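# Understanding the architecture of this molecule
Residue strings, one per chain:
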Amino acid sequence: MEKPNKIVTKDLDFFYGDFKALEDISVAFKKNQISALIGPSGCGKSTFLRCLNRMNDLIPGSSVKGEIYIDGKDIYGQNIDVVHLRRRVGMVFQKPNPFPKTIFDNVAYGLRVNGIKERKIVAECVEKSLKQAVLWDEVKDRLHSSALGLSGGQQQRLCIARALSVEPEVILMDEPASALDPIATQKIEELIHELKREFTIIIVTHNMQQAARVSDITAFFYMGRLIETGDTETMFTRPQLKQTEDYITGRFG
Amino acid sequence: MERHFFKELENLKMTILNMAALTQRALENATRAYLERDEQLGQTVIDGDKKINALEIAVDQYTLKLLALEQPMAKDLRMILGTAKISNELERIADQAVNISERTQFLCKYPPLENIPAMDQLIDVSLSMVKKAVSCFVNEDVKTAYEIRKMDDMADEHTLTVLQTLVEYMVKNTPATERRRLNTRRSVQTIIISRCLERTCDLSTNIGEHVAFITEGVNIKHQGIDAEP
Ligand SMILES: Nc1ncnc2c1ncn2[C@@H]1O[C@H](COP(=O)(O)OP(=O)(O)OP(=O)(O)O)[C@@H](O)[C@H]1O
Ligand SMILES: [Mg+2]
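Quick caveat, the model's predicted, so the values are computed rather than measured.

## Concerning helix α4 (residues 119–132) of chain A
Residues and elements named next belong to chain A.
- Given a rise of 1.5 Å per residue, 14 residues ought to cover 20 Å, and the 20 Å separating the end C-alpha atoms of α4 matches this to within 8%.
- Those residues of α4 not exposed but buried are V122, C125, V126, S129, L130 and Q132. On an axial view of α4, the arc spanned by its buried residues comes to 155°, and they lie on one face.
- In this structure, the buried residues of α4 make contact with α3 (103–113), α5 (136–139), α6 (152–165) and α7 (182–195).
- The first or second residue beyond α4 is V134, which carries a positive phi of 50°.

## Quick notes on the interface of chain B and chain A
- Listed as interface residues are 11 residues of chain B and, on the opposing side, 12 residues of chain A.
- Carbon and sulfur atoms make up 53% of the area that chain B and chain A hide from each other, which totals about 920 Å².
- Of all residues in chain B, the largest losses of buried area upon contact with chain A belong to F6, M73 and A74 of chain B, amounting jointly to 51% of the total for that side.
- Summed over the shared surface of chain B and chain A, the number is 1 salt bridge.
- One salt bridge in this structure joins D76 of chain B and R251 of chain A, with 2.8 Å as the shortest N-O distance.
- For the pair chain B and chain A, the number of links is 6 residue pairs in polar contact (both at pLDDT 80 or more).
- Secondary-structure elements contributing two or more residues to the side of chain B that touches chain A are α1 (4–36) and α3 (74–107) of chain B.
- Among the elements that line the side of chain B that touches chain A, the one with the most residues is α3 of chain B, at 5 residues.

## Examining the pairing of strand β10 (residues 225–231) of chain A
Residues and elements named next belong to chain A.
- Sheet topology note: the strand β9 (residues 217–222)/β10 ladder contains 6 bridges and is antiparallel. Looking across to β10, one finds that A219 is bridged to T229.
- If you look at the hairpin formed by β9 and β10, you'll find 2 residues sitting between the two strands, and M223 has a positive phi there, around 45°.

## Some points on unusual backbone geometry
- Of note in this structure, R54 of chain A is not a glycine but carries a positive phi near 60°.
- Positionally, R54 of chain A belongs in the loop between α1 (45–51) and β4 (62–70).

## Overview of the pairing of strand β8 (residues 200–204) of chain A
Residues and elements named next belong to chain A.
- β8 sits mainly inside the fold: 5 of its 5 residues count as buried.
- Relative to β8, strand β3 (residues 34–38) runs parallel, the two being bridged by 4 bridges. When the sheet's bridge partners are listed, A36 is paired in β8 with I203.
- As a crossover connection, the stretch from strand β7 (residues 170–174) through α7 into β8 is right-handed.

## Concerning the sheet that holds strand β1 (residues 5–16) of chain A
Residue and element names in this part refer to chain A.
- Pairing in this open sheet of 4 strands is antiparallel, and the strands run β2-β1-β4-β5 from one edge to the other. Looking at which strands have only one partner, the edges of the open sheet turn out to be β2 (19–30) and β5 (73–74).
- By the bridge criterion, 8 bridges tie β1 to β2 in an arrangement that is antiparallel. What sits directly across from N5, in β2, is K30.

## Observations regarding the site of ligand 1
All names here are of chain A.
- The environment of ligand 1 is formed by Y16, F19, A21, S41, G42, C43, G44, K45, S46, T47, E175 and H206.
- Within the contact set of ligand 1, an oxygen atom lies 2.4 Å away from a side-chain nitrogen or oxygen of T47.
- Protein chains shield 63% of the accessible area of ligand 1, which is 640 Å² for the free molecule.
- At the level of secondary structure, the elements contributing two or more residues to the shell around ligand 1 comprise β2 and α1.
- When residues of the shell around ligand 1 are assigned to their parent elements, the largest contribution, 3 residues, is made by α1.
- Each residue belonging to the shell around ligand 1 can be placed in one class, and the counts come to 4 nonpolar, 6 polar and 2 charged.

Definitions and cut-offs
- Chains are numbered independently. Their residues run from 1 in the order of the written sequence.
- The order in which chains are written sets their letters, starting at A; the order in which ligands are written sets their numbers, starting at 1.
- With pLDDT at 70 or above as the cut-off, local features in this predicted model cover only qualifying residues; side-chain atom pairs require 80 or more to be listed or tallied, and sums for whole chains, interfaces and linings still use all residues.
- Water and hydrogen atoms play no part in the side-chain values, which are based on all heavy atoms of the structure.
- Each helix is a run of H or I in the DSSP string that is no shorter than four residues. Each strand is a run of E no shorter than two, and both are numbered from the N terminus.
- Helix span is expected to be 1.5 Å times the residue number reduced by one.
- Burial classes: relative accessible area under 20% of the type maximum marks a residue as buried, over 50% as exposed, and values in between as partly exposed (1.4 Å probe, protein chains only).
- Taking the helix axis as origin, the arc is that swept by the directions to the C-beta atoms.
- The contact criterion used throughout is that any non-hydrogen atoms of two residues lie within 4.5 Å.
- In short, buried area is how much 1.4 Å probe accessible area vanishes from two parts on joining, totalled over both.
- Within this document, salt bridges are pairs made up of a side-chain nitrogen of Lys or Arg and a carboxyl oxygen of Asp or Glu, the two lying within 4 Å of each other.
- Under the rule applied, a polar contact is a pair of N or O atoms within 3.5 Å (in protein, one hydrogen donor and one hydrogen acceptor; residues adjacent in sequence only if both atoms are side-chain atoms).
- In this analysis, strands are considered paired if DSSP registers two or more bridges between them.
- Seen with its strands pointing away from the viewer, a crossover is right-handed when the path leading from the first strand over the helix to the second is clockwise.
- Throughout this document, a residue counts as near a molecule or strand when at least one of its heavy atoms sits within 4 Å of that molecule or strand.
- For the accessible areas, the method is Shrake-Rupley and the probe is 1.4 Å, while residue cover comes only from the protein chains on display.
- Residues are grouped as follows: Ala, Val, Leu, Ile, Met, Phe, Trp, Tyr, Cys and Pro are nonpolar; Asp, Glu, Lys and Arg are charged; every other residue, Gly included, is polar.

Structure below.
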């Protein structure tokens, strides 16, 4: 059965002031699929990702043209609660950014912000999220020590647990493994595979092999435009366009 | 800045071309040795095979190294997989040249058989197919791959004609047992040579198919010969 579209953009433009950082992006991401965004530095991957949960709203002078639908609903339309949107569309950043709090509180934070206060429920939720992020076994005996004492790879999984705790539908990841060693990277990649059963995932990566390993769909961006998108196997074995071919084989520029 | 990897890919291609040149020459010499009953020329084919075997092993090692260290993508990946296969086909063509030369050595010990026109034609087709296979790779020209495949049907026909001619020859006339034994021996050896040639045509066809895979990422194996892009 064909998976339904989760996120659809139509003729999306994005401006930082006068600078057009995204141009005419029309693309669809299906539910429970992992999509990788690739492209040279500055091509607009992060900008695009931030459009999907309106994180760009925070940037002064920026503006959006076109439409973005999640489950068929225009997220830039009227009556959209941005806080609620960001809860549905979580984000994990390149550098792990745990709060200077305990491991437990890092994960509980989002729950509390969302009004969940009952200790038992919070504790259950924290455990579930840490298990989903494959971190539980490593931290269950020190939940109340500082998150800053964790290794980089553990911190990144903690941030993923934090993103998962509020039960989002979509997870956006901006180079989530770029600061990690191969073993931690492998753990994150395995984790992404696991998460796809429940979530829709869009990941930005500069690591071509990583895009090939983790994603179902790959989208190639260049100078603010979406050049080619297709199933990952085809994109990495026989892309349609020369520009894509040149980029993924390192013949760019 | 030119990536070091691209130089490696060029090297790999050059190794294949080198191997292709040697293989092509081996087949030319083997068939000439057969036609001209030149034992010595046949011997050079047999002796030269070591070099081609060594190149095949070198290509295997090289491609393995590039796959492991460079993790190539798209056409680079197809090029590496494709050249590994092509080197394999070339090595087997060279083996056929050795077989032909060994049969020739045997045939040279006896008086020649009557000329068989289908055999001459088969030799022509085999040689031009190998040549086309090599130029198909050099120019990355998929059209040639389809041409080669069409020629393969001709090769099959000629092989069949050689077989029919020689079977005919073996069963007819020659009442004397001794004479008959001689005819049978020479005929069988010649049939084996025709089989070897026919085999090289299959292998040349395979090379064309690998080139199509490398250049366009398509698999044209096991399609009817009329299937064209
Ligand atoms: N806050 C901002 N204000 C103005 N211009 C910006 C801002 N953020 C990004 N840009 C510009 O928008 C373009 C796209 O940037 P973006 O960060 O989306 O690229 P990227 O593909 O994520 O690059 P990288 O791979 O280096 O992370 C770039 O030219 C960048 O300079
Ligand atoms: Mg970025």
